[in-house]
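Inside the fold
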Amino acid sequence: MDKMATTPKGLKFILAGVIVMIAGFILMTGGGTSDPQVFNYAMFDWRRLVAAPLVILAGIVVIIIAIMGRFDGKEEDKR
């Protein structure tokens, strides 16, 4: 087999989606405390509860588009 299932452009989109997802996981980090007896409200920040999951979902959408999309530039032959 000399033909891949995805095009090089699709692979670039998949890589971009993975990078966006990693950025979302980085946004989710932090907010912990070294003392377990002290409650830290920074754990429930807007960045961790809203922004990070939205960035991760955006990465998933980019990956789905990269997998399902056609990037070869040719129209499908209609019979």
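Further up the page is the structure itself.
What you see is a predicted model; the values in this text were computed from it and never measured.

Cut-offs applied
Residues numbered from 1 in each chain as written. Predicted model: local features only at pLDDT ≥ 70, side-chain atom pairs only at ≥ 80, totals over all residues. Heavy atoms only, no water. Phe/Tyr/Trp six-rings, centres within 6.5 Å; stacked < 30°, edge-to-face > 60°. Buried < 20%, exposed > 50% of the residue type's maximum accessible area, 1.4 Å probe, protein only. Helix = DSSP H or I, 4+ residues; strand = E, 2+ residues; numbered from the N terminus. Expected span 1.5 Å × (residues − 1). Arc of directions from axis to C-beta. Contact = heavy atoms within 4.5 Å.

Below, the discussion takes up the packing of aromatic side chains. Pairs of aromatic rings are described using the distance from one ring centre to the other and the angle between the two planes. Inspection of the entire model under this criterion finds two aromatic pairs. Summarising the aromatic geometry, the rings of Phe39 and Tyr41 are spaced 4.8 Å apart at their centres and angled 80 degrees between planes, so their arrangement reads as edge-to-face. Classification of Tyr41 as exposed rests on a relative accessible area of 66%. One aromatic cluster is present, formed by Phe39, Tyr41 and Phe44 through successive ring pairs.

With that out of the way, let us pick up helix α1 (residues 8-28). In a regular helix each residue adds 1.5 Å, so 21 residues correspond to 30 Å; α1 covers 31 Å between its end C-alpha atoms and thus fits that length. What α1 keeps buried is the set Gly10, Gly17, Met21 and Gly24. Seen along its axis, α1 keeps its buried residues to an arc of 55 degrees; they face one direction. In α1, those exposed residues whose orientation departs by more than 90 degrees from the buried face are Pro8, Lys12, Leu15, Ile19 and Ile26. Lining the buried residues of α1 we find α2 (46-68). Looking one or two places after α1, you find Gly30, whose phi comes out positive at around 95 degrees.

Nothing here speaks to function; it is all geometry.
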